[in-house]
Amino acid sequence: MRSLAVVVSALTMAAPAPGVAQSNAGQAMDATFAAHVKEWTTKPEFASPLVDHLPAATTVPTPRDVIGHDIGAPNKLDYYEDLLKYYRVLADKSPRVKIIETGKTEEGRPTVVVLISSEANIGTLDVNRRNMAKLADPRGLSDTQAHEIITQTKPMYMVLGGLHSAETGPPEMLMELAYRLVSEDSALVSKIRDNVIVGINPASDPDGRDRYTDWYYCNKIDDTNDLDPVPGAPYWGKYIFHDDNRDINYTGYSARNLLNFYLQWHPPIMHDLHESVPFLYSFSGQAPQNTNLDPILFSELPWFSNFEMAQLTKYGMPGVWDHAFVDAWSPGYVAFMSSNHNGLVRFYETFGNGGATTELRHVEPIKGAEENYHLGDDTKREWYRPLPPYKTVEWSMRDNTNYMETALLTGLQMTSMFPQVVLENFYKKSRNSIDAGHTEAPYAYVIPAQQPDMTRVARVVELLRLQGIEIGRATEPVTLKEGGFPAGSFIIKRNQPYGRLAKILLDKQVYPKPAKSTPPLKAYDDTGWTMGLMAHVKVVGSADLAALEIPVQPVDHAGPTGMIDASGAANYAVLDFGSINFARLRYRLKDVAILVAEKGFTAGGYTIPAGSFVVPGSAYARLKQAVEPLGLTAVGLSDKPSVPTHKAALPKVALYSTWGATQNVGWVRYAFDQYETPYALIFKDDLKKGGLRGRYDIIIIPSQGNGAKSIVYDIPMHGKPLPYIKTARFKYLGDYGASPDIRGGMGLDGLEELRKFVAEGGTLITLGEASSLPAEFGLTADINVDHPSKAFYAPGPIVNAKVLVPASPIFYGYSDETMPVRWASSSLLSVPLIYKNDVLMEFPGGPKNVLSGLMAGANEVKNRPAVVDIPVGAGQILLFATNPIYRWQNFGEYRMLYNAMFNYKDLRLGIDTNPPKPEPVPEDESED
Ligand SMILES: [Zn+2]
């Protein structure tokens, strides 16, 4: 570590821009820093008077003193432990800094929030936290009392960097921002310190930060070709990659730790820093907007972003814009935890190079290159982009740092100018949410007790509670306009602070029709997420004001306790109503010979559904130990079941992953780990080795990539080999899989091994987008893939699917003729008439079968296969056009995949062996 006595020199900065409160109170400045900024900024207009200087270190060290370089140094990225080291030294040396430990990541790294403010504010953090809790839940508070609290409270402005690990700039910049906030005495920074508590999440995916930093140094540091860039690391964190910002149910430990922090501290503003479009986009809440959120939110968003655009443009910085990039529809982004809880979500996209290497960037769309999804030329002047980015630009990490930091200081400046307005808005939004529960139906949601599978009910209840939503259990039977509900039903009254969030998560989503507009309305992520539909759990919204008066007991634990009859029976039937806990049960009793009832039957007064496990009485003790915590019901049978049975299989399962698209495989891995499911994760090199049938019974290819070709050929063989291998230098590479060169995909050699695997009796299961692979590459010649028309647009809706073969083991635990499924693929499967009987489930299609979210052109999916089982050679291919494990969300569909696994030898059950008959083509329905 360098000495703190760094060179102190006279001020040599550019004169402050007019209107900038930039007197630095005669502070000594760090001349080395200023020289570096000048050297590393590629054009003078890419810097600003807010960040072209830094106070010289006196009592607290600069980042350079601890990590060895100024921020924005070419070719320098820092590992997470070095980021933490800096913040810990800062907290050690300055009374203006406090670190809150929030937990650990999947790989054991600590997660923290760094709080920075004046000594006085840091000294009274606990009082401030209690005040914020009162404003967040103002029940019992008068307006006068609330305003009294507001005058004594400072808003917390929470900043997140590095959620997406390839977006490497923010974790670097935040160290400099922290130092500046602690040390600078300019009027602007002093005012921020006095009026705002700044919270910093140094890297919101700490595991990914380290893995990507290794990858950068190993493979990407010399990459300067933005037209054919070296791809990023195959993994960031343990499971879910870029979807860590689509993790609506907070599976990621870092996200969950942050949510817990949020619910304790209630920062009214949460700001997430991303990198993509040039040079700086500030989110202003573009249409379509989620109208369940408070209108105040949508007024605050442009209030901030326009101020930043005006200030940065005034400083002469080109390319700052808002409005036309991300919509305000989905609540599933991490920083949305703030607006979902009556705060303000903010985010930026700045221009990043995927590392710290300076390179020439082509900003204008290149002919032949794939268009950005938002269909825009970001270099075009628009009303929301008065000073556009340049068409090409030499771009550096320091440029990126200057933009982010200047804008963030400007957002903080705004907050410091109007701290009371920010708090008033927060209070008012919280109050409005409570009031809306009395004035806008539904006034409450009822999740009825006595649903067949209460384990999925418990999942929904627990996920709502995780987000701070209050839930009670009815202490007596309930009668409402909508009908009667048993005692013990879960009641979510909307007259609570997070009543709006309950509505957002539980209501059907009605996405506005795409219209000809500039810019066009495009969904940034899923348009539908209705929790009850995703989980196949009955949820009833009540338009009856009496629902607010239902006597309830607060829920602190929703999990049902399982039950088992007394010991001594010959066999026990575990009743199958579709609980995913059947998976855990099977694996916990893996050495027990379990049978599956192929049909429903009655015994001892019980109706026992098809799919129920039949466990020998000799395993009673272990069965009891399993079913009770799993919330399952086991009933004693005096005899063998009166219906046919087969063995509940325990296949050897492999999950196939490309290297270029590991994310959706990650969601399946996550689910498998939760459900105690053993599996091998295999890659192209494993396929090419061959002998697959000897090693596995089932190979699952989860949805991944962009069509069949991308699964086969994956990362193109451009440039140099890309090793993903653990070495002494790169200790974070080689996790979850390893290869000396991740390029090239399985290729035709790997595909041939898959073909042999099936021919020799293996079961190949393809999910979602991956189901185009067996069709397009001829693993089964009997299925084709069609592509919908250009008018078809289905960004993640929930649609109806119709069960065609109810006796198929795929549907054990399902009793309805139709079920909601999440739309998962842009490829439409097509089977010739002679294989119609192999279609186990189909999409009835048409507008009336769109249950939530948007599907334009719903007639195009009419009668398309949703699940098909095709015998091939001695084996079979089971194609899901749905994705039975979509994120940690569609719990109602998970069981279909487990059913396929536990019954893989019996998947032909229920399929009609008579030749299929032609059916008339159905008429299209009007979309209006
Ligand atoms: Zn991002």
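Residues numbered from 1 in each chain as written. Predicted model: local features only at pLDDT ≥ 70, side-chain atom pairs only at ≥ 80, totals over all residues. Heavy atoms only, no water.

1. Here's the deal with the side chain of N249
Summarising the element assignment, N249 is placed in the loop between α9 (206-220) and α10 (253-265). Classification of N249 by relative accessible area gives buried; the value is 6%. A polar atom in the side chain of N249 sits 2.9 Å from the backbone oxygen of W888. Setting aside residues no more than four positions away along its own chain, N249 makes contact with R256, L463, L466, M531, W888, Q889 and F891. (Helix = DSSP H or I, 4+ residues; strand = E, 2+ residues; numbered from the N terminus. Buried < 20%, exposed > 50% of the residue type's maximum accessible area, 1.4 Å probe, protein only. Polar contact = N/O pair within 3.5 Å; in protein donor to acceptor, adjacent residues only side chain to side chain. Contact = heavy atoms within 4.5 Å.)

2. Describing the sheet that holds strand β16 (residues 472-474)
Across the sheet, which stays open at both edges, the five strands sit in the order β20-β15-β19-β16-β21 with antiparallel pairing between neighbours. On the outer flanks of this sheet lie β20 (540-542) and β21 (552-554), each paired with one strand and no other. Across the sheet, the axes of successive neighbouring strands diverge by a mean angle of 35°, strand direction being ignored. Here strand β15 (residues 444-447) pairs with strand β19 (residues 490-493) via four bridges, running antiparallel. By the bridge assignment for β19, Y445 is matched with I492. (Pairing = 2+ DSSP bridges. Axes fitted to C-alpha atoms, helices over the stretch in contact; angles between N-to-C directions.)

3. Topic: the sheet that holds strand β22 (residues 563-564)
With mixed pairing, six strands are arranged side by side in an open sheet as β22-β28-β23-β27-β24-β29. Strands with a single pairing partner mark the edges of an open sheet, and in this sheet they are β22 and β29 (645-647). In this sheet, β29 lies alongside strand β24 (residues 595-597) in antiparallel orientation, the contact comprising three bridges. For V596, the partnering residue across the bridge sits in β29 and is H646.

4. Description of the coordination of the zinc ion
Coordination sphere of the zinc ion, protein contribution only: H164 (ND1), E167 (OE), E167 (OE) and H274 (ND1), at 2.1 to 2.4 Å. Its four donor atoms give the zinc ion angles of 57 to 148° at the centre, a pattern that matches the irregular case. In primary-sequence terms, the residues that donate to the zinc ion follow H-x2-E-x106-H. The class of H164 is buried, set by a relative accessible area of 2%. Classification of E167 by relative accessible area gives buried; the value is 12%. (Donors = N, O, S within 2.8 Å, 3.2 Å for Na, K, Ca; no water. Tetrahedral: all angles 85-135°; square planar, octahedral: opposite > 155°, others 65-115°.)

5. Focus on the environment of F426
Residue placement: F426 occurs in helix α14 (residues 419-439). In this structure, the C-alpha to C-alpha distance between F426 and N121, residues 305 residues apart in sequence, is 20 Å. Apart from residues lying up to four places away in sequence, F426 is in contact with M132, L135, A136, Y262, H266, P268, H341, N342 and G343.

6. With respect to the pairing of strand β33 (residues 763-767)
Summarising burial for β33: five of the five residues are buried, a large majority. Note that strand β32 (residues 698-701) and β33 share four bridges and pair parallel. Of the residues in β33, the one forming a bridge with I701 is T766.

7. Thoughts on helix α15 (residues 454-466)
The first and last C-alpha atoms of α15 sit 18 Å apart over 13 residues, in line with the 18 Å expected at 1.5 Å per residue. G468 sits one or two positions beyond α15 and adopts a positive phi of about 90°. (Expected span 1.5 Å × (residues − 1).)

8. A closer look at the side chain of S489
Relative to the helices and strands, S489 is located in the loop between β18 (483-485) and β19. For S489, a relative accessible area of 0% corresponds to the buried category. In this structure S489 touches V446, I447, P448, A449, G472, R473 and A474, once residues within four positions along its chain are discounted.

9. As for the packing of aromatic side chains
Enumeration over the complete set of coordinates arrives at 52 aromatic pairs. Consider the rings of F351 and W395, whose centres lie 5.5 Å apart with planes at 70°: the pair is edge-to-face. With F351 in the loop between β12 (344-350) and β13 (359-362) and W395 in strand β14 (residues 392-395), this pair connects stretches of sequence that are 44 residues apart. There is no split in this pair, since F351 and W395 are both buried. Just above the ring of W321 sits the side chain of R385; from NZ or CZ to the centre is 4.1 Å. The positively charged end of R822 is found above the aromatic ring belonging to Y886, 3.7 Å away from the centroid. (Phe/Tyr/Trp six-rings, centres within 6.5 Å; stacked < 30°, edge-to-face > 60°. Lys NZ or Arg CZ within 6 Å of the ring centre and 35° of its normal.)

10. Concerning the pairing of strand β4 (residues 110-116)
Regular strands show a simple pattern: their side chains alternate between the two faces of the sheet. When you tally the buried positions in β4, you get six out of seven residues, the bulk of the element. Across seven bridges, strand β3 (residues 97-104) lies against β4 in antiparallel orientation. From the neighbouring strand, G103 faces β4, where its bridge partner is T111. The hairpin turn running from β3 into β4, its antiparallel successor, is five residues long, and G108 in that turn takes a positive phi close to 90°.

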